[in-house]
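Structural description and commentary
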Amino acid sequence: VGGNTPAELAQFFRRSFPGRAADGDKFERIVDEFQLRPADLLQMTEEQCQTTLRENEFPLLVVFTLQRRLREAYLGPHLGPPPGGGAPGG
């Protein structure tokens, strides 16, 4: 997985939903407008992320799977633990 940039987030969406070019274009416009990075979506609660996607009229497949796919791909040493997380038992 690449870096924590708006361009990488837009590319991640296109890789995750290859048959949805129009949704990819819409997502890229939102990412550009707000300069969203992968870490920004990962810091949202699941509800916040889903609400944002629904408000922008993304299909349910995208609404319910984008953040999960992002977590699976990105939560590693370069982004650290999820917000509010940390080492177990700490």
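Heads up: these notes are all about the structure in this document. Everything numeric in this text was worked out from a predicted model, so none of it was measured. Going along each chain's sequence as written, the residues are numbered from 1 onward. With the structure being a predicted model, the display of local features is reserved for residues of pLDDT at least 70 and the display and counting of side-chain atom pairs for 80 or more, all residues being used for whole-chain, interface and lining totals. The side-chain figures draw on all heavy atoms in the structure; neither hydrogens nor water molecules are used.

A closer look at the side chain of Thr 65
Put simply, the rule reads: Helix and strand labels come from DSSP, where a helix needs a run of H or I of at least four residues and a strand needs a run of E of at least two; each type is numbered from the N terminus. Exposure classes here rest on a 1.4 Å probe applied to the protein chains alone. A residue is buried below 20% of its type maximum, exposed above 50%, and partly exposed in between. Here a polar contact means two N or O atoms within 3.5 Å. Within protein one must be a hydrogen donor candidate and the other an acceptor candidate, and residues neighboring in sequence count only if both atoms are side-chain atoms.
Following the sequence through the fold, Thr 65 ends up in helix H5 (residues 60-74). Take Thr 65: its relative accessible area is 10%, and that puts it in the buried class. Side-chain polar atoms of Thr 65 contact the backbone oxygen of Leu 61, separated by 2.5 Å.

Thoughts on the environment of Arg 37
Filter applied, for reference: Whether two residues touch is decided by their heavy atoms; if any such pair falls within 4.5 Å, the residues are in contact.
Looking at the secondary structure, you find Arg 37 in the loop between helix H2 (21-34) and helix H3 (38-43). Since its relative accessible area comes to 31%, Arg 37 is described here as partly exposed. Distance in space between the C-alpha atoms of Arg 37 and Ala 10 is 8.8 Å, their sequence separation being 27 residues. Discounting chain neighbours no more than four positions away, the residues touching Arg 37 are Asn 4, Thr 5, Pro 6 and Leu 9.

Remarks on the pattern of salt bridges
Put simply, the rule is: When a carboxyl oxygen of Asp or Glu is within 4 Å of a side-chain nitrogen of Lys or Arg, the pair counts as a salt bridge.
Within this structure, the stated rule accounts for 6 salt bridges. Of the charged contacts, one joins Asp 40 and Arg 37 as a salt bridge, the two residues approaching to 2.9 Å between their closest N and O atoms. Because the salt bridges share partners, they merge into one network encompassing Arg 14, Asp 25 and Glu 28.

Observations concerning empty space enclosed by the protein
Selection criterion: For each structure, a 1 Å grid was placed over the protein atoms alone; sets of points admitting a 1.4 Å probe that cannot get out are labelled cavities, open sets with protein on both sides within 12 Å along at least five of seven lines are labelled pockets, and lining residues have an atom within 4 Å of a point. Grid points are joined across faces, edges and corners, and a volume is the space filled by probe spheres set on the points. Under this grouping Gly is polar, as are all residues other than the nonpolar Ala, Val, Leu, Ile, Met, Phe, Trp, Tyr, Cys and Pro and the charged Asp, Glu, Lys and Arg.
A full pass over the atoms with the stated rule returns 1 cavity of 30 Å³ or more. A volume near 70 Å³ is recorded for the largest cavity. Along the walls of the largest cavity sit Phe 27, Ile 30, Leu 36, Leu 41, Met 44, Thr 52, Leu 53 and Asn 56, which together make up its complete lining. Where the lining of the largest cavity is concerned, the elements lending two or more residues are H2 and helix H4 (46-55). Class assignment for the residues of the lining of the largest cavity results in 6 nonpolar, 2 polar and no charged.

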